[in-house]
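Chain residues, written in single-letter form:
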Amino acid sequence: MTGPESAPDASAPTVVGRGRLGRWRDQVVALGWLVVVWNLLWGDITWANVLGGLLVGGAVLVFYPLPAVTFGGRLRPGALLVFVGRFVVELVSASLHVARIAVQPGYRPRGAIIAVRLRVSTDLNLALTAEAVSLVPGTLILEVDRDSGTLYLHVLDTHGAADLDAARERTRAVERRIIRAVGSDAELRLVETHRSERGTSR
């Protein structure tokens, strides 16, 4: 014997409304990241570049609509500032390192291809982590495996297994800072638990 059934139709409009709001929010988040990438590519944040990024990003979203990527996280301004600050530091440090290699007479740097499996394998996290890593000189994304959540990177100037492990940990540290900035609570617990198990401090 079963109890009285609840009326599912009563909540249907609310679910639809949330779906539309979620899609609009995803578009705004995508546009924001496109503007950030546009300014990073130009190497200078100006009002003209911000406006150009908005126009180009808007055109990309209209004429080349991205596949649906659900944003289930929330923005944490403090963690976002930490991410931007660390990204700028790593960008400057890597640029100086590559410049030193370029002007060092007779030096031939060794490169390597490594695979880094991310803890959060959503399309959004894969895209953001791959973009942030590839913008740093000396590291290039070769392939992204969506099924396993794995990034394949070419790393410049490696001398042994320790350098490869360090490159993997740098990539995971970038992912961790991204999740701290825009990830969901469940994703944040996942990366923090993994960090505690490995004993890392980034």
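Parameters at a glance
- Residues numbered from 1 in each chain as written.
- Predicted model: local features only at pLDDT ≥ 70, side-chain atom pairs only at ≥ 80, totals over all residues.
- Heavy atoms only, no water.
- Helix = DSSP H or I, 4+ residues; strand = E, 2+ residues; numbered from the N terminus.
- Contact = heavy atoms within 4.5 Å.
- Areas by Shrake-Rupley, 256 points an atom, 1.4 Å probe, with all protein chains shown as cover.
- Core = buried A, V, L, I, M, F, W, Y, C linked by side-chain atoms within 4.5 Å.
- Buried < 20%, exposed > 50% of the residue type's maximum accessible area, 1.4 Å probe, protein only.
- Phe/Tyr/Trp six-rings, centres within 6.5 Å; stacked < 30°, edge-to-face > 60°.
- Salt bridge = Lys/Arg side-chain N within 4 Å of Asp/Glu carboxyl O.
- Pairing = 2+ DSSP bridges.
- Axes fitted to C-alpha atoms, helices over the stretch in contact; angles between N-to-C directions.

Chemist: Can you help me understand the overall build of the protein chain in this one?
Modeler: In terms of regular secondary structure, the protein chain is built from 6 helices and 3 strands. For the protein chain, long-range pairs separated by at least 24 residues make up 68% of all intrachain contacts whose partners lie at least 6 apart in sequence. Only carbon and sulfur atoms are counted for the fraction: they give 63% of the accessible area of the protein chain, which is about 13000 Å².

Chemist: Help me out: how do you make sense of the nonpolar core in this one?
Modeler: If you look at the biggest cluster of nonpolar residues, it comprises 19 residues, and the most contacted ones within it are Ile114, Ile141, Leu151, Leu153, Val174 and Ile178. For isoleucine 141, the residues in contact, after removing those within four places along its chain, are Ala130, Val133, Ser134, Leu151, Tyr152 and Leu153.

Chemist: Where do I start with the packing of aromatic side chains in this structure?
Modeler: The relation between two aromatic rings is expressed through the spacing of the ring centres and the mutual angle of the planes. Under the definition given, this model contains 3 aromatic pairs. Judged by centre distance (6.3 Å) and plane angle (25°), the rings of phenylalanine 83 and phenylalanine 87 are stacked. With phenylalanine 83 and phenylalanine 87 both in helix H3 (residues 77–103) and 4 residues apart, the pair spans about one turn of that helix. Here phenylalanine 83 falls in the buried class, since its relative accessible area comes to 9%. Look at phenylalanine 87 and you get buried, because its relative accessible area is 9%.

Chemist: How should the pattern of salt bridges be read in this particular structure?
Modeler: Working definition: two side chains of opposite charge can pair if their charged atoms are close together. For the coordinates displayed, the defined rule picks out 9 salt bridges. The residue glutamate 175 makes a salt bridge to arginine 119 at a minimum N-O spacing of 2.7 Å. Of this pair, glutamate 175 sits in helix H5 (residues 161–182) while arginine 119 sits in the loop between strand E1 (112–117) and helix H4 (123–134), and the two are 56 residues apart along the sequence. Of the two residues, glutamate 175 and arginine 119, both sit in the buried class. Between aspartate 123 and arginine 146 there is a salt bridge whose closest N-O contact spans 2.7 Å. One end of the pair, aspartate 123, is in helix H4; the other, arginine 146, is in the loop between strand E2 (139–145) and strand E3 (150–155), and 23 residues separate them in sequence. With relative accessibility at 30%, the residue aspartate 123 sits in the partly exposed group. Look at the salt bridges and you will find they share partners, linking Arg74, Arg76 and Asp185 into a network.

Chemist: Which parts of the structure should I look at to understand the sheet that holds E3?
Modeler: Two pairing modes exist for strands in a sheet, parallel and antiparallel, and in both the strands are linked by backbone hydrogen bonds. Taken in spatial order, the 3 strands make up an open sheet running E1-E3-E2, and their pairing is antiparallel. Each end of this open sheet is capped by a strand with a single partner; those strands are E1 and E2. Ignoring strand direction, the axes of neighbouring strands in this sheet form an average angle of 25°. Relative to E3, E1 runs antiparallel, the two sharing 6 bridges. Within the sheet, the bridge partner assigned to isoleucine 114 lies in E3 and is leucine 153. Docked against the sheet, H4 engages E2 and E3, running at close to 160° with respect to E2. Packing against the sheet, H5 makes contact with E1 and E3, and its axis sits at approximately 40° to E1.

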